[in-house]
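# Understanding the architecture of this molecule
Listed below, chain by chain, are the residues.
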Amino acid sequence: MLAVLSPGQGAQKPGFLTPWLSLEGAESKLRWWSALAGVDLIHLGTVADADEIKDTAKTQPLLIAAALLAADYLPIADVSVAAGHSVGELGAAALAGVLTPESAITLAGVRGREMAAACALEPTGMAAIIGGEEPEILAALEKHGLYAANRNGAGQIVAAGARDSLDKFAAEPPSKSKVIKLQVAGAFHTPYMAPAEQALGAIAGGITPTHPARLLLSNADGVAVTDGDEMLARLVRQVTAPVRWDLCMRGLADLGVTAVIELPPAGTLAGLIKRELRGPGLPEIVTLNTPDDLPAARDLIARHRAAHTNEPSLHFGVVVTATAGTFVPADGLEEGSPIKAGQLIGQINTRQGAVDITAHQTGFLVEWLAHRDDPVSSGQPLARIGELS
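Overview of the structure. This is a predicted model, so every value here is computed, not measured. (Residues numbered from 1 in each chain as written. Predicted model: local features only at pLDDT ≥ 70, side-chain atom pairs only at ≥ 80, totals over all residues. Heavy atoms only, no water.)

Side chains of a nonpolar character, in soluble globular proteins, are inclined to be buried together. One finds Leu99, Ile261 and Leu263 to be the most contacted residues of the largest nonpolar core, which totals 73 residues. Looking at which element gives the most residues to this core, the answer is helix 3 (residues 56–71), with 10 residues. When residues no more than four places from it in sequence are discounted, the contact partners of Leu99 are Leu90, Ala93, Ala94, Ala104, Leu107, Ile207, Leu232 and Leu235. Grouped together as the second largest cluster of nonpolar side chains are 19 residues, Ala83, Leu217, Met249 and Leu269 included. (Core = buried A, V, L, I, M, F, W, Y, C linked by side-chain atoms within 4.5 Å. Buried < 20%, exposed > 50% of the residue type's maximum accessible area, 1.4 Å probe, protein only. Helix = DSSP H or I, 4+ residues; strand = E, 2+ residues; numbered from the N terminus. Contact = heavy atoms within 4.5 Å.)

Here's what the structure looks like:
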């Protein structure tokens, strides 16, 4: 089983699109997409310097254009799974057939402009936290009024929030951790981006999505989303919601993905996968950065493409909590028990009272990821549910 991945902001490099312009149809397509995005994608991808392509309003449509352009030269019909990191989810949604390329490019342009505008409202930022123990890190973030904006796996959490709070957090980091301030415009994937979410939602309301043609993993919980309307709603909510790339990688492992192609500008997601899924379960990886990498990518697809069969296959989803507190599983619910969509699987006890946690799909309880009276944080996985299809 093969997955194609679309990278997010921070992966861009000056001039990375230059070699792609030699391919037939590439330049005209980029000019058309530039008109939709409201930025000159050819300029940004060839001659713009690092500072210019760091601008959120320009970076986001550039990344989606690069991923979709390269994918045009691959037999994507033979790919089983698509996923993207942050803005890269727009590219993944297009590759899965939920959005047209034109819709994905247009939304990336709006998303980038509106997030840049939201960043200008308050002095906010982000910082990568390397190492340390996750519970201690999350508790420290909560103490400083910060958010775990990205959980990238491989011991990396990205904090976001007010700059003064980030400074205080960096001055007294959790034990065995290192805090690296990121050169970004603001606190992405936090409530500070609410104006951008509202603006993106207004535009997205005019789009008619379709159901995905292949498995499409969501940044929200690593679950394969099967409904186009639900995925579009998640793409809008993602602007203020944490990116759970750790759960996406767990989803790739649960699905039995044997090969991965990262679209340009490639390398960041491949590195995370190598660190997180190291060992016998590590999939074969091709980082697609120039047209010279296309033969290797096509060969990988030929060797790992989806087998057409009528046999049922097992898919997994992860139930996460949207609030912090203490977890209490539902009485009598054991691993292996059948589960119905909407069924109560437990509660989170908070200072304000109990919050019900329900299953998002029908299937069976594969395993508990949290146990009775465990302290849990917002976004933490609680249970894995399996489903035959």
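The end-to-end C-alpha distance of helix 3 is 23 Å, a good match for the 22 Å that 16 residues give at a rise of 1.5 Å each. Structurally, the start of helix 3 carries an N-cap: the backbone nitrogen of Ala57 is 3.0 Å from a side-chain oxygen of Asp55. (Expected span 1.5 Å × (residues − 1). Polar contact = N/O pair within 3.5 Å; in protein donor to acceptor, adjacent residues only side chain to side chain.)

Between its terminal C-alpha atoms helix 1 (residues 26–37) stretches 16 Å, which fits the 16 Å expected from 12 residues at 1.5 Å a residue. Turning to helix 1, its buried residues number three or more, namely Ala26, Leu30, Trp33, Ser34 and Ala37. Looking down the long axis of helix 1, one finds its buried residues gathered within 110° of arc, a one-sided arrangement. Its buried side turned inward, helix 1 meets helix 2 (41–46), helix 3 and helix 5 (101–119). Positive phi appears at Gly38, one or two residues downstream of helix 1, with a value of about 80°. (Arc of directions from axis to C-beta.)

A word on the packing of aromatic side chains. For the coordinates displayed, the defined rule picks out 2 aromatic pairs. Arranged with centres 6.5 Å apart and planes meeting at 35°, the rings of Trp20 and Tyr73 form a pair that is tilted. Here Trp20 is found in the loop between strand 1 (2–6) and helix 1, whereas its partner Tyr73 is found in the loop between helix 3 and strand 2 (81–84), with 53 residues between them in sequence. Here Phe327 and Trp368 contribute two aromatic rings whose centre-to-centre distance is 5.8 Å and whose plane-to-plane angle is 55°, an arrangement assigned as tilted. (Phe/Tyr/Trp six-rings, centres within 6.5 Å; stacked < 30°, edge-to-face > 60°.)

Of the voids in this model, the largest pocket is the one considered here, and its volume is about 690 Å³. As for the largest pocket, its lining consists of 34 residues, and the residues nearest its centre are Gln9, Gly10, Ala11, Leu182 and Val184. Sorting the residues of the lining of the largest pocket by element identifies helix 3, helix 5, strand 3 (124–131), strand 4 (147–153), strand 5 (156–162) and helix 11 (268–276) as the ones contributing at least two each. Of all the elements, helix 11 adds the most residues to the lining of the largest pocket, at 4 residues. A per-class count over the lining of the largest pocket returns 15 nonpolar, 15 polar and 4 charged. (1 Å grid on protein atoms, 1.4 Å probe; cavity = no way out; pocket = protein on both sides within 12 Å on 5 of 7 lines; lining within 4 Å. Points joined across faces, edges and corners; volume = space filled by probe spheres on them. Nonpolar A, V, L, I, M, F, W, Y, C, P; charged D, E, K, R; others polar.)

Spatially, 4 strands are ordered 4-5-3-6 in an open sheet, and the strand pairing comes out antiparallel. Of all the strands in the sheet, the pair left with one neighbour each is strand 4 and strand 6 (177–181). Adjacent strand axes in the sheet meet at a mean angle of 25°, parallel and antiparallel pairs treated alike. (Pairing = 2+ DSSP bridges. Axes fitted to C-alpha atoms, helices over the stretch in contact; angles between N-to-C directions.)

To continue, consider the environment of Ile105. Tracing the sequence through the fold places Ile105 in helix 5. In sequence terms Ile105 and Ala330 are 225 residues apart; their C-alpha atoms lie 44 Å from each other. Here Ile105 is in contact with Trp33, Leu36, Ala37, Pro61, Ile64, Ala65 and Leu68, once residues within four sequence places are set aside.

Attention now moves to the pattern of salt bridges. One side chain can pair with another of opposite charge once the charged atoms of both are near each other. Counting across every chain of the model gives 17 salt bridges. Note that Glu230 and Arg237 form a salt bridge whose closest N and O atoms lie 3.5 Å from each other. Residues participating in the shared-partner salt-bridge network are Asp221, Glu230, Arg234 and Arg237. (Salt bridge = Lys/Arg side-chain N within 4 Å of Asp/Glu carboxyl O.)

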